[in-house]
Amino acid sequence: MTEHVGRSAAASAASPRAGEPVISGRRLVAFSLLTVTTGGITIPVQTYLPAFYATAIGMDLGAVGLVFMISRLTSVAIDPLIGWASDRTRTRFGRRKPWILGGGLLLLLAIFAVFFPPAHAGPVYLACWMVLLGVGTTACMTPHVAWGGEMTSTPAQQSRVLAYIGTAAAIGIFAVLVMPALLDSLGQGSPERRVGTMGLVLAGLLSLALVTILTGFREGPVRPTPSFGWGHLRQLAADGDLRRIIVSDFCVALGQGMRGAVFLFFATRYMGVAAPALLLLLQYGFGIFASPLWVRIGYRLGIVRTLIAAELAQVAVNLLLLALVPGQTGLFCWSPRRACSRVRAT
């Protein structure tokens, strides 16, 4: 852990190569604006939309779960294909911008369709638009992050660009969490208002980001793309450490996704919480404040032991949730899942 931090600090302190100007913070903020939407949209997709379609729209809960599972599995297949196609696209507008703009328009259309469905919307309607929502999100996000790494050739500036992108995603998540919490505090937190407000804000931010990308940024010369074939896949599959990391990450993401999908049902129908959005915001806020603590633990224990400790803490909290009875909400407020994400990032 210490060696990794030392290398990161050294890279951050490195000066840009001669003749390559430093990208201004204002320009990086403008470039990262798109990530506010692609980051923020994960909260309604994971937590609010399943409950909205099962309650406000009246769709069968099993059908809702099946649709969202299908949309996520579809993304597993589509995401790498979009990355592969983006790497090999050649147009006079660049190779990343056409994907971002085309995917952004598709995402914008899907936001309005998913967040403002007709009263008679059924599983087929939801499945089609959720798949398109995932495709649009990936077509925006994957080329955008790749473009960020290509804006400069120096490791220090590349780290800086990706830091702005990651921060923008966190801001998007926090902003989306704040909106329904404010509605709940004002007594206006119906499922329709929560989802509609999030949809309007996300659509507005996305529109602004697409205009900014279209008018304010041009891609530089295309750099050679390293070849990647079946031989490389076999090498990756033979790496035991990598397999264990992937399986661990899959299990953690699966558990967090399942918990997020049932959060509103558990909080409102079982626990009787009147303002679940505020509770979710508090949980995320506690996670932010706990992150530095886990980083300090990481310095002392190392990455592997800290990651194991964070996962065990998450398991313990999830097991304690099973003992909750209506009226007890304290354990809702703290969760080590953000700590696990922070430790994995390091």
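The rules we used
- Residues numbered from 1 in each chain as written.
- Predicted model: local features only at pLDDT ≥ 70, side-chain atom pairs only at ≥ 80, totals over all residues.
- Heavy atoms only, no water.
- Helix = DSSP H or I, 4+ residues; strand = E, 2+ residues; numbered from the N terminus.
- Buried < 20%, exposed > 50% of the residue type's maximum accessible area, 1.4 Å probe, protein only.
- Contact = heavy atoms within 4.5 Å.
- Areas by Shrake-Rupley, 256 points an atom, 1.4 Å probe, with all protein chains shown as cover.
- pLDDT = per-residue confidence, 0-100.
- Expected span 1.5 Å × (residues − 1).
- Bend = angle between axes of the 7 residues up to and from the residue.
- Axes fitted to C-alpha atoms, helices over the stretch in contact; angles between N-to-C directions.
- Left-handed = near helix turned anticlockwise from the far one by under 90°.
- Nonpolar A, V, L, I, M, F, W, Y, C, P; charged D, E, K, R; others polar.
- Salt bridge = Lys/Arg side-chain N within 4 Å of Asp/Glu carboxyl O.
- Core = buried A, V, L, I, M, F, W, Y, C linked by side-chain atoms within 4.5 Å.
- Patch = residues over 30% accessible without salt bridge, like charges linked within 9 Å, V, L, I, M, F, W, Y side chains within 5 Å.
- Parallel < 35°, antiparallel > 145°, perpendicular 65-115°, else oblique.

Peer 1: Whenever I open this one, the overall build of the chain confuses me. Can you help?
Peer 2: A count of helices and strands for the chain gives 13 helices and zero strands. Beginning at the N terminus, the succession of helices and strands in the chain can be written as α-α-α-α-α-α-α-α-α-α-α-α-α. By the burial criterion, 41% of the 346 residues in the chain qualify as buried. Residue pairs at least 24 apart in sequence account for 80% of intrachain contacts in the chain once pairs closer than 6 positions are excluded. Here the chain displays about 18,200 Å² of accessible surface, and carbon together with sulfur accounts for 69% of that area.

Peer 1: Would you explain the confidence of the model for the chain in this entry?
Peer 2: Where the model shows low pLDDT, its predicted coordinates should not be examined in detail. Of all residues in the chain, 85% attain a pLDDT of 70 or more, and the chain-wide mean is 80. For the chain, per-element mean pLDDT is lowest for helix α1 (residues 2–13), which scores 38, and highest for helix α5 (residues 97–115), which scores 95. Low pLDDT, under 50, characterises residues 334–340; the predicted model gives this stretch 26 contacts beyond four residues in sequence or across chains. For the stretch residues 342–346, pLDDT sits under 50, and the model shows 15 contacts to residues farther than four places along the chain or on other chains.

Peer 1: Mind showing me how you'd approach helix α3 (residues 42–55) here?
Peer 2: Given 3.6 residues to a turn, an α-helix orients residues that are three or four positions apart in the same direction. Under the 1.5 Å per step criterion, the end-to-end length of α3 is 20 Å for 14 residues, consistent within 8% with the ideal 20 Å. Of all the bends in α3, the greatest, near 50°, is centred on Tyr48, and the proline Pro50 appears no more than four residues after it. Residues of α3 that are buried: Ile43, Pro44, Val45, Thr47, Tyr48, Leu49, Pro50, Ala51, Phe52, Tyr53 and Ala54.

Peer 1: Got a minute to help me understand the packing of α3 against helix α4 (residues 61–88) in this structure?
Peer 2: In a pair of packed helices, the angle between the axes and the distance between the axes together describe the arrangement. Where α3 contacts α4, the two axes come as close as 9 Å, and the packing angle between them is 145°. Judged by the sense of rotation from one axis to the other, the crossing of α3 with α4 is right-handed. For the pair α3 and α4, contact is made by Val45, Leu49, Pro50, Tyr53 and Ala54 and by Leu61, Val64 and Phe68, respectively. The residue inventory of the contact of α3 with α4, partitioned by class, reads eight nonpolar, no polar and no charged.

Peer 1: Explain the pattern of salt bridges to me, please; I cannot follow it from the model alone.
Peer 2: Should the charged atoms of two oppositely charged side chains come close, the side chains can pair. Applying the stated rule across the entire model yields four salt bridges. For Glu150, the salt bridge identified is with Arg95, shortest N-O distance 2.9 Å. Pair noted here: Glu150 is in helix α6 (residues 123–150) and Arg95 is in the loop between α4 and α5, with a separation of 55 residues, a long-range link. Judged by its relative accessible area of 24%, Glu150 falls in the partly exposed class. A residue is classified by how much of its surface remains accessible, and Arg95, at 4% relative accessible area, is buried.

Peer 1: Which parts of the structure should I look at to understand the nonpolar core?
Peer 2: Leu49, Tyr53, Ile111 and Phe115 are the most contacted members of the largest nonpolar core, which totals 66 residues. Here this core gets nine residues from one element, more than from any other, and that element is α5. Non-local contacts of Leu49, meaning those with residues more than four positions away in its chain, are made with Pro44, Phe68, Val114, Phe115 and Val195.

Peer 1: How should a nonpolar patch on the surface be read in this particular structure?
Peer 2: Nonpolar side chains collect at one region of the surface, where Leu66, Met69, Ile70, Leu73 and Val76 lie side by side and expose about 480 Å² of accessible area between them. By the secondary structure assignment, Leu66 is in helix α4.

Peer 1: Please explain helix α2 (residues 25–40) as it appears in this structure.
Peer 2: Compared with the 22 Å implied by 1.5 Å per residue over 16 residues, the 21 Å span of α2 between its first and last C-alpha is a close match. When the local axis directions of α2 are compared, the greatest deviation, roughly 35°, occurs at Ser32. Of the residues making up α2, those classed as buried are Leu28, Phe31, Ser32, Leu33, Leu34, Thr35, Val36, Thr37, Thr38, Gly39 and Gly40. Buried residues along α2 sit against α3, α5, α6, α7 (155–185) and α8 (191–216).

Peer 1: Explain the packing of α2 against α7 to me, please; I cannot follow it from the model alone.
Peer 2: The geometry of α2 relative to α7 is characterised by a closest axis approach of 7 Å and an angle of 45° between their N-to-C directions. For the element pair α2 / α7, the angle class is oblique. Along this stretch, α2 crosses α7, giving a crossing that reads as right-handed. Between α2 and α7, the contacting residues are Gly25, Leu28, Val29, Phe31, Ser32, Thr35, Val36, Gly39 and Gly40 on the first element and Arg160, Val161, Tyr164, Ile165, Ala168, Ala169, Gly172, Ile173 and Val176 on the second. Tallied by class, residues from the contact of α2 with α7 come to eleven nonpolar, six polar and one charged.

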